[in-house]
Each structure stands twice: as C-alpha cells, then as structure tokens.
Amino acid sequence: MAVNEIIQLPDSIADKIAAGEVIERPYNIVKELLENSVDAYAVRITIEIEDGGLSLIKVTDNGKGILPEDLPLTIQRYATSKIRHFEDIYSIKTFGFRGEALAAISSVCDFSIASRREPFDGYILIKNFNSEPIIKPSNIPKGTIVEVKNLFSKIPVRKKFLKSSSSEFKEIIKFIKSFAAINYKIDISCTKDGIKVFESLKKDSMLERVMDIFGETACFPINYSDGNISIDAVLGRPDNQKFRKDYIIISVNNRIVKDYSITQAILQAYSRLIPENRFPLAFINIQISDDTLDVNIHPTKTTVRFMQPQQIFNVVYNSIKNSLNNLKLETKDAISIDDFPIRDFNEEQYKPVFDITNYAEINDNKIEEPVTEYNTSNEFTVVGQLFKTVILCEKGDELYFIDQHIAHERVLYELYTTGEKLPPSFVLFEPILLTLELDEIEFLDKNRLILRKFGFEFELFSKDSIKITAIPSSIMQKDIENEIKKLIAELMENSNKNNDGLALTMSCRNAVKSGDYLTKFEMEELVRNLFKTSNPYTCPHGRPIIFKITKDFIYNKFQR
Ligand code: ADP
Ligand code: MG
C-alpha cells in the first residue's frame, strides 16, 4: 500500500511559517508587544533593546497581567483572550485578536513571558528555541514582561534578510516615537544597549506629546467629531515642511497603520499650501466604530480595511482643509501663511443650482456647442462637480461640461494603448496572496505584459496562487482582493478580443465612475490629462466627452 504523500505539518513547523508573515524584522515584534501592553491597559511601558533587537527585545508593562492558568495558552496559535465568537472580530476594541503574535514570536527565538494578575501569584513561561516550554513561579510585580532573545539565530535564512543592528534600531525607535505620540497617556521609555535613549511621560494632549518627542512647535491640534468618526490630530503649519513622509503618522483606533487613501487625503488637503516635493507633518488618530472596520486583513495588522473608505477620505480631507483655512484667517497678519499660493475652494459649499428644464431647452435649441478643438487646458479653471458626474470648467467666456467617467476612460485608454508612460500603479507594502483557478493563472501569465501596463505587478507564487505586488491605483480604495478577482474574470471574458478589447475593458473599469466624489485636485488633474490625449472630445466608444455653453447664453437667461 502506498504511503501518503501529503501530511499535515506539525504545529512547530506551521508556527515558524506563520511567523514569517507576522515578523519580518525586530520592529514588528516591538509593535506586537506594545500593542498587547496597551490592550492590557498598561500606563507605563519600558522597552529594552540590545543589538538592534537581535540579542534582546524586552518589554515590561504594568498592565492587568495574565491569569496563571492562561499563561501556557499565550504562545498557542489562535489563543486569544480577545475574541470568543467569529463575529467578535468585527467589534474588537483592542489592538490584537488574531492570537498568533506570541505563538509566532516564541517559535523563532529564545522566549519568555512573565506575568502577574492580581491577586494571584506571578509565573514565568520560558520557551527556548525548539524546546518545550516550562513554567515556574516568578516574583514579578503586577504586569507582564516579555523577553525575546537571539531572534532568528537558529534560522539563518531569516536572519540574512535583516539589516545592520543600527538600521534595525532606527526602525524600532521610529515606531516607538510614533506610537508614543499617538498613545500620549502612557509613560514610555526605551533603552539601547543599556543606555536610556528615549523617555516621554504621560501628557494631557497629543500636541504636548508631539512637542515633547519631536521638539515640533510649528503645529496645531484639531479635534473633529460627527458621531460616527472622530479625529484627534496634530498638524504642522504649512511652513513646517518635511523632506520625507516620515512625519505623516496615521492611526485608527490608536493602532498605527499604513493607509494609502488617508495619506492621499492628507497630502491633498495640503496640496496648494506646500511645494510638491515637500511633505506636511500630520499625526492623526481616527476613531471609528469597530464594526465599520476590518483590522484582520493582514497578519501584521498594519493595513486596515474600511467599510466606507470614501467617507473616511472626505472627513480627513475636509477637516484638515477647513482647519488650514481657519488657520489662514486667524493669522491674516502673519506673513508666513499668506505667502503661500492659496486658492480658496470649498467643495462642500459649492452647490451648483442647475435647472433640468433649462438643460432640456438647451438641448432642444442646440445652443450648446459640441467642442471640437482646443489647444491647451492651461486656461481652464475647474469650478466644481455637478451631480457627482460632470466636471464644470470655466474658460474665458465659456462654461465647459466634462463627463468625468468618459473623460477618465479616454485618458486611461490612451495610456494603455500608446504605452508611452505607464499609468499610475500602487506598490503594495504588503503583497497580496491570491488563490486562483488554474486557467486564471494561465491567463495572467500569458498576458503579463499588457497587465503590467494596467498597473498590475505579480509573481506566480505556487501552482494555484499569485503574489500581487502592485495594483492600479484606481482600485486602491475598494475591496482589493474581490476587485482583482472580478477584474480577472472580466478580462478573460474579453480575451478573445485583441489587446484593444482588453484596454477598453480596463479603461472603463479603472475610470472614476459617475457618482464618485472628486476633489478639486483630482478634477484638475483629470482635465489636464484629458487635454493631453489625442482626442479629448469623444470616448473610445464614440460618446461625446465635452460640451460648452457661453456666458452670453447664461446672461441672456437672467435678461442681463
Ligand atoms: P492577540 O493579541 O491577538 O490576542 P497575542 O499572541 O499577541 O494575541 O497574545 C495572546 C494573548 O496573551 C492575548 O490575547 C492576551 O490575553 C495575552 N497577553 C499577551 N501580552 C499581554 C500583556 N502584555 N499583558 C496582558 N496579557 C497579555
Ligand atoms: Mg497581540
């Protein structure tokens, strides 16, 4: 009889594989441990790092501690005190709930966790690499101490990927500072090879904390709340400009995350106030109810998925934009702000009134002129968005109506077919693994070049999965995995057509839709790009993109 070829991997191996997802570098461990301490309501946390975290990462907190009988469970996979039922993952208030961080960490180092939950005695669990855990009494005070020693020392392949200990430490301390800025009510300190290099005591506001940690003074706080979302942030004044994005720190419910869309909202709010190659300072903590958020999409929990990404974008954009406008008014006399080329525009206030009966009349009398020729878009001023569908532009004595979807479709179509420049694609910090059917994989592999043009970068990962490293930026705000699957299906359906068919499908798919709210910045960019195309007036399917009416016609209506 044949022996099985397939075996279930023992936990010891499965944990190490899983560990690869959670822990890439020492900083990931620091992040997990600090988040656990916050979940345990610690108000004091000390971090000790030796050799960039390679010889030692030790985190001591004064949180609620762990029940003696729970201690052995902390390093079991999917052992967590934070959820009981599947639905709980959608209403979680804490930093972690996957219950895999400590299991993963303890499988790649010499590990110990000591803890005491009052009024019980304290215990320590010691688990050296590849040996069974042992538990002993410990006289630790209330709280928890986790020690991670000799990280990856017996796993040379993993160790090879680490940088020098000083670069690893830089990464760690950068995270600790950001974390401390957001969690300003906690005393936090850090030593490096035995020497204290960072300490910040509890503060009453994020502003005080940011001033304390970063010595930043050219900043101001904002607080916004609309019942569903609240924002607590410290923003740099426009004259406080940075060379890198390092001072943009985003957190959601006190958890530091990376989020492309929120970053864009911040950058766009500042877009006319600081030069293009400079970045603002923005520490922003967004509080939203947990059932509109999925923090479980990635093992390291550095990216989150919002149910209403557009709403979050708008709230962040508008609250920053408004506070910057107010700042401008407040400091009318101070030269620094007014020196910046601010063009006032408040999308919310812009409520165009357009009578549909008039529109019909215009149509009947053929008063609108289809635009057939135009040289440059430079003189166009975007005045607003109508019905979340039509971009209104003013140019000289004319008002132009541009269909946002068709216009964008034209722009993308040309990008895809001329191939002069690749369309914007977004490189994922966390590649996405996607399991697919065999024929789907075959299709992707065969059309790799054209898909690259559409903004996709991927590698075959296994027989039935791909690793996606970049996606078209247009699907960034959506449910990415689902979106990609739908897209593949659609492309396959059209694959009997030529590349042109694929380009048409993709441009229609990736274009902004009717009903998408666009910021002024986005509209300007779209109009600019539209006029760079070979034919800005009709879409690849032949529909008109633009028409205009004249000032005379409008004034006539008012009997001016
Ligand atoms: P998760 O945080 O996703 O639940 P972890 O592996 O990070 O999973 O931790 C497992 C469990 O160990 C937690 O649910 C918590 O009950 C306990 N724990 C870990 N660290 C601490 C700490 N510093 N203080 C109190 N309890 C802790
Ligand atoms: Mg955790």
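About the cut-offs
- Residues numbered from 1 in each chain as written.
- Chains lettered and ligands numbered in written order.
- Predicted model: local features only at pLDDT ≥ 70, side-chain atom pairs only at ≥ 80, totals over all residues.
- Heavy atoms only, no water.
- Patch = residues over 30% accessible without salt bridge, like charges linked within 9 Å, V, L, I, M, F, W, Y side chains within 5 Å.
- Areas by Shrake-Rupley, 256 points an atom, 1.4 Å probe, with all protein chains shown as cover.
- Salt bridge = Lys/Arg side-chain N within 4 Å of Asp/Glu carboxyl O.
- Lys, Arg positive; Asp, Glu negative; His and termini not counted.
- Charge placed at Lys NZ, Arg CZ, Asp CG, Glu CD.
- Helix = DSSP H or I, 4+ residues; strand = E, 2+ residues; numbered from the N terminus.
- Expected span 1.5 Å × (residues − 1).
- Buried < 20%, exposed > 50% of the residue type's maximum accessible area, 1.4 Å probe, protein only.
- Pairing = 2+ DSSP bridges.
- Axes fitted to C-alpha atoms, helices over the stretch in contact; angles between N-to-C directions.
- Parallel < 35°, antiparallel > 145°, perpendicular 65-115°, else oblique.
- Left-handed = near helix turned anticlockwise from the far one by under 90°.
- Contact = heavy atoms within 4.5 Å.
- pLDDT = per-residue confidence, 0-100.
- Core = buried A, V, L, I, M, F, W, Y, C linked by side-chain atoms within 4.5 Å.
- Nonpolar A, V, L, I, M, F, W, Y, C, P; charged D, E, K, R; others polar.

For the rest of this paragraph, the subject is a negative patch on the surface. There is a patch of like negative charges on the surface, built from Glu-437, Asp-439, Glu-442 and Asp-464. Relative to the helices and strands, Glu-437 resides in the loop between strand S20 (425-435) and helix H12 (438-446).

The next point concerns helix H2 (residues 26-39). Taking 1.5 Å per residue, 14 residues should reach 20 Å; H2 reaches 20 Å between its end C-alpha atoms and fits that length. Burial runs high along H2: 13 of the 14 residues are buried. Directly beyond the C-terminal end of H2, a positive phi value near 60 degrees is found at Tyr-41.

Quick look at the pairing of strand S1 (residues 44-50) now. For a regular strand, side chains alternate in direction, first toward one face of the sheet and then toward the other. By the alternation rule, side chains of S1 split into Ile-45, Ile-47 and Ile-49, which are all buried, and Arg-44, Thr-46, Glu-48 and Glu-50, of which none is buried. Where S1 meets strand S7 (residues 187-192), 6 bridges bridge the pair, whose relative direction is parallel. By the bridge assignment, Thr-46 is partnered in S7 with Ser-189. Here S1 hands over to strand S2 (residues 56-61) after 5 residues, with Asp-51 in that stretch at a positive phi of 55 degrees.

As a further point, take the packing of helix H11 (residues 404-418) against helix H16 (residues 520-530). The contact between H11 and H16 brings their axes to 9 Å, and the two run at 50 degrees. Taken together, H11 and H16 sit at an angle that is classed as oblique. The handedness of the crossing between H11 and H16 comes out as left-handed. Counted together, Gln-404, Ala-407, His-408, Arg-410 and Val-411 of H11 and Leu-526, Asn-529 and Leu-530 of H16 form the full contact between these two elements.

Here we come to the confidence of the model for the chain. Keep in mind that low pLDDT regions are not for reading the predicted coordinates in detail. Within the chain, residue pLDDT values average 80, and 76% of them lie at 70 or more. In this model residues 331-377 is a low-confidence stretch, pLDDT under 50, and it forms 78 contacts with partners more than four residues away in sequence or in other chains.

Okay, the nonpolar core next. Counting 56 residues, the largest nonpolar core has Leu-33, Leu-34, Ile-47, Ile-105, Phe-111, Val-148 and Ile-176 as its most contacted members. Considering every element that reaches this core, the biggest residue donor is helix H5 (residues 165-182), with 9 residues. Of all hydrophobic cores here, the second largest spans 31 residues; its members include Leu-235, Val-252, Ile-262 and Ile-284.

The subject of this paragraph is the environment of Gly-236. Tracing the backbone through its elements, the reader meets Gly-236 in strand S10 (residues 229-236). Residue class for Gly-236 comes out buried when judged on its relative accessible area of 0%. Sequence separation of Gly-236 and Phe-279 is 43 residues, and the distance between their C-alpha atoms is 9.7 Å. For Gly-236, the contacting residues outside a window of four places in its chain are Ala-218, Cys-219, Phe-220, Tyr-270 and Leu-281.

Remark: H5 packs on helix H6 (residues 206-214), axes separated minimally by 8 Å, with the N-to-C direction vectors making an angle of 155 degrees. In this view, H5 runs roughly antiparallel relative to H6, as classed from their interaxial angle. Touching Lys-177, Ser-178, Ala-180, Ala-181 and Ile-182 of H5 are Met-206, Arg-209, Val-210, Ile-213 and Phe-214, all from H6. Tallied by class, the residues present in the contact of H5 with H6 amount to 7 nonpolar, 1 polar and 2 charged.

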